[in-house]
Every structure is written in C-alpha cells, then in structure tokens.
Amino acid sequence: GQQLNQSPQSMFIQEGEDVSMNCTSSSIFNTWLWYKQDPGEGPVLLIALYKAGELTSNGRLTAQFGITRKDSFLNISASIPSDVGIYFCAGSYPDDYKLSFGAGTTVTVRA
Amino acid sequence: DGGITQSPKYLFRKEGQNVTLSCEQNLNHDAMYWYRQDPGQGLRLIYYSQIVNDFQKGDIAEGYSVSREKKESFPLTVTSAQKNPTAFYLCASSIRRGLGGELFFGEGSRLTVL
C-alpha cells in the first residue's frame, strides 16, 4: 500500500479555535476515511466519504472528498480539550481491498 | 455489545520467542486485518483475510503468520524471524469484502521485546 501525505504532522490548538488538516495521494482514491486515535487505544472512525466532491459533517467535524479524488481535508470547528489525539486519513484505490493510511496529525492543547 | 477484542493489551517477549496475539470479533464481519503502528508512522498492513480459511499478505508480512479457521477469530503470530517486533498491533474488521470498506478497530496490543 502507498502512504498518503498528511499534513500538518502536528498542531497545537487553543480551545475555541477552528483547525484543519489534509491528505493527498499521487493516485486517485474511491474512498476517503478519517479516524481519531486516543493514546493507547485503537482508531475510531469519524467520517467516511465515497464520492468526489462529497462534503460530510459529524457534529463539529467536516470532511470533504476532493474533486480530483486525490485529496481530502478534515476541519474541526470550535475545538475543545477532548479533541486532542492523533487524526489519520485513510483511502483505498479502485478495485483494492486495502486501506492506505497517512502518518497522522497529532493535535495537542496549547498551554 | 458488538465489537473487536484484542488480547493481551500488553505483552513482553524475550528475543527468539514466538508470541501470538488474539483478535475476536462478534460483528459478523467477513473481512479481518492486522496492522502494525510505530511512533510517527501510519498504520501498515501485515495480513488480511476476506473469508474463512483464506488470507493474504499485506505490505510487511515477513516474520508474521496468521490463521482464519473461524469467521470471528484472526490470531497473529509474531515469530522470531521478525527483526524489530516491538510495536503497537491493531486488529480490524469490515463488513464489506472489497472496495475499501470502513474498518472497525480493536483497542490494540502493545508488544515489547526485551
């Protein structure tokens, strides 16, 4: 599987801020997924996207499937302390059974 | 409650020993997967199985082995041939057998080689 390019690698948030992260791939995907992982736990699915251009929300989270099918972004609005963790994007190629994962974006609360 | 159970959560192993990580799901999912996670890296696929009695190598299968004798179980053996086995191991399952279905993860097993 191919690693996705996920950025930023890390970010600091202040409560109430909006934050954004994105993923890009050199090849087209037919599925984009966003996961969140808390320390010592398994990733939990946040949002799933299946169509180019699709914009989907889950509470304060919004994600979009890029129109070129090679990128996706995740926005968190009005961040709260429990938003800290590692966020992963994942995608799959057409006719592929496997997901490829980005390296993750670590979100930390700014002191 | 339905879910994926991994055990043990923490495991210590001496060099040269094989160790088996358990993964059980009661979601009635067809497909199951094993991923390895290292700090600062994404998840890397070790093995996956789309159906009972069948499994395929992922991207980093060397030094690992699996079996899929029952739909709900997909144990992973980390053999002594795996040169750097210390890592966080994640088991996952999906309802779809193809085309990148959504994965549901267990809570992980942390293996440390002493």
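Presented here is an overview of the structure given in this document. (Residues numbered from 1 in each chain as written. Chains lettered and ligands numbered in written order. Predicted model: local features only at pLDDT ≥ 70, side-chain atom pairs only at ≥ 80, totals over all residues. Heavy atoms only, no water.)

## As for the state of the cysteines
Part 1 of the argument: The final tally for this structure, using the stated rule, is two disulfides over all chains.
Part 2 of the argument: What pairs with Cys23(A) in a disulfide is Cys89(A), and their sulfur atoms sit 1.7 Å apart. One disulfide, between Cys23(A) and Cys89(A), carries an S-S torsion of -75° and so falls in the left-handed class. Of the two residues, Cys23(A) sits in strand β3 (residues 19-24) while Cys89(A) sits in strand β9 (residues 85-92), which places them 66 residues apart along the sequence.
Part 3 of the argument: Here Cys23(B) connects covalently by a disulfide to Cys91(B), the sulfurs 1.9 Å from one another. Taking the sign of the S-S torsion, about -75° here, the bridge from Cys23(B) to Cys91(B) comes out left-handed. One end of the pair, Cys23(B), is in strand β3 (residues 19-25); the other, Cys91(B), is in strand β9 (residues 87-94), with 68 residues separating them in the sequence. For the pair Cys23(B) and Cys91(B), a shared accessibility class is recorded, and that class is buried. (Disulfide = S-S within 2.5 Å. Helix = DSSP H or I, 4+ residues; strand = E, 2+ residues; numbered from the N terminus. Buried < 20%, exposed > 50% of the residue type's maximum accessible area, 1.4 Å probe, protein only.)

## Notes on the sheet that holds strand β6 (residues 55-58) of chain A
Sheets are built from strands that pair by backbone hydrogen bonding, the pairs being arranged parallel or antiparallel.
Residue and element names in this part refer to chain A.
Part 1 of the argument: The strand order across the open sheet built from five strands is β1-β3-β8-β7-β6, with neighbouring strands paired in antiparallel fashion. Two strands close off the open sheet at either side, each with one partner strand: β1 (5-7) and β6. The mean angle between the axes of side-by-side strands here comes to 15°, regardless of whether they run parallel or antiparallel.
Part 2 of the argument: Pairing between β1 and β3: three bridges, direction antiparallel. Each bridged residue has a counterpart across the sheet, and for asparagine 5 the counterpart in β3 is threonine 24. (Pairing = 2+ DSSP bridges. Axes fitted to C-alpha atoms, helices over the stretch in contact; angles between N-to-C directions.)

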